[in-house]
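So the chains spell out like this:
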Amino acid sequence: MRVVVIRHHEEDSAAFIGAAFLARGAELSVHLFPKDGPLPGLDGVDHVVVLGAIWSVYDDAPDRAWIADELAWLRRADEAGVPVLGICFGAQALAAAFGGRVEPAPRKEIGWRVIDSYDPVLIPPGPWLEFHGDRCLPPRQARVLARNEVGVQAFVIGRHLAVQFHPECDGALLRLWLDAGGREEAERAGVDADRFLAETFAEEPAARDRADTLVASALLIAQQMLSPKNCP
């Protein structure tokens, strides 16, 4: 199984999600977009993972033209039958690429949160690590799998799974995010960054297992192409 991971920052990695794919015999290739140039071809690709980004999908600044390129690439992946697991920005990109919208959330969501899952076998209620300021309004054909008071937390579009939270994140990765500017963002949102980091290290064993479950769900969804109906 060949898996392509799209990241948007030097400090990002697939971490627990990558490990779960590797445990299933996958070969991972990682592309830093847009810094590494055009997105890779999809021939021979079995799955795509799109990670987060500090930018908003709706950012239309002149130096954000790459976002439209990424949305078009996701549509090509769909046409080619390649399933996508979208995480945070990746989830928002899937929503936007297939007719949904992305908007600022009523408040930033930073920290470990339990979510309301409509299918706990596919999407455990967590807790999951959240670090975002936007939310998805999935397209009508999406099947919503989880939400909380801030917004939709997981949904399916055809063979693609989108999650607003960060199942990949371990303590080492969060430390990189905090050092890259996330500490100030967290503290502006009223979050004690050092406590957040300590909680993340403590949560690692359970978070690793939940990430493994999520990858199993992404593969199952890709195989079964769950019917797109909205949950109440």
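About the cut-offs
- Residues numbered from 1 in each chain as written.
- Predicted model: local features only at pLDDT ≥ 70, side-chain atom pairs only at ≥ 80, totals over all residues.
- Heavy atoms only, no water.
- Helix = DSSP H or I, 4+ residues; strand = E, 2+ residues; numbered from the N terminus.
- Rg over C-alpha atoms; globule rule 2.2 N^0.38 Å.
- Contact = heavy atoms within 4.5 Å.
- Areas by Shrake-Rupley, 256 points an atom, 1.4 Å probe, with all protein chains shown as cover.
- Lys, Arg positive; Asp, Glu negative; His and termini not counted.
- Charge placed at Lys NZ, Arg CZ, Asp CG, Glu CD.
- Pairing = 2+ DSSP bridges.
- Right-handed = clockwise from strand over helix to strand, strands pointing away.
- Phe/Tyr/Trp six-rings, centres within 6.5 Å; stacked < 30°, edge-to-face > 60°.
- Buried < 20%, exposed > 50% of the residue type's maximum accessible area, 1.4 Å probe, protein only.
- Lys NZ or Arg CZ within 6 Å of the ring centre and 35° of its normal.
- Salt bridge = Lys/Arg side-chain N within 4 Å of Asp/Glu carboxyl O.

Caption draft 1: Local environment of the overall build of the chain. When helices and strands are tallied, the chain shows five helices and 10 strands. Over its C-alpha trace the chain gives a radius of gyration of 16 Å, about what one expects of a compact globule, namely 17 Å for 232 residues. By principal-axis analysis of the C-alpha atoms, the chain measures approximately 45 × 40 × 35 Å. Residue pairs in contact within the chain that sit at least 24 positions apart in sequence constitute 74% of those at least 6 positions apart. Counting every atom, the chain has about 9,900 Å² of accessible surface; 51% of that belongs to carbon and sulfur. For the chain, the distance from the average site of its 23 positive side-chain charges to the average site of its 34 negative ones is 5 Å.

Caption draft 2: Inspection of the pairing of strand β2 (residues 27–32) at higher detail. The pairing of strand β1 (residues 2–7) with β2 spans six bridges and is parallel. Each residue of the ladder has a partner; that of V5, found in β2, is V30. Handedness of the crossover joining β1 and β2 through helix α1 (residues 15–23) is recorded here as right-handed.

Caption draft 3: Broad picture of the packing of aromatic side chains. Under the counting rule described, the total for this entry stands at six aromatic pairs. Where W55 meets W66, the ring centres are 5.2 Å apart and the plane angle is 75 degrees; that geometry is what we call edge-to-face. With W55 in the loop between β3 (47–50) and α2 (65–79) and W66 in helix α2, this residue pair connects regions lying 11 residues apart in the sequence. Between W128 and F165, the aromatic rings sit 4.3 Å apart at their centres with planes inclined by 20 degrees, giving stacked as the arrangement. Within this pair, whereas W128 is found in strand β7 (residues 128–137), its partner F165 is found in the loop between β10 (160–163) and α4 (171–188), the two being separated by 37 residues in sequence. For W128, a relative accessible area of 2% corresponds to the buried category. Classification of F165 as buried rests on a relative accessible area of 0%. The ring of W128 is capped by R210, whose NZ or CZ atom sits 5.8 Å from the centre of that ring.

Caption draft 4: Up close: helix α3 (residues 89–97). With respect to burial, α3 is a largely interior element, eight of its nine residues being buried. Where α3 terminates, the next one or two residues include G99, which has phi positive at roughly 100 degrees.

Caption draft 5: Quick peek at the pattern of salt bridges. If you walk through the whole model with that rule in mind, you get 11 salt bridges. Its salt-bridge partner being E10, residue K35 comes within 2.6 Å of it at the nearest N-O pair. Placement of the pair is K35 in the loop between β2 and β3 and E10 in the loop between β1 and α1, with a sequence separation of 25 residues. According to the relative accessible area criterion, K35 is exposed, its value standing at 63%. E10 sits in the partly exposed class, given a relative accessible area of 47%. Three or more residues are tied together by salt bridges with common partners; here these are R183, E187 and D194.

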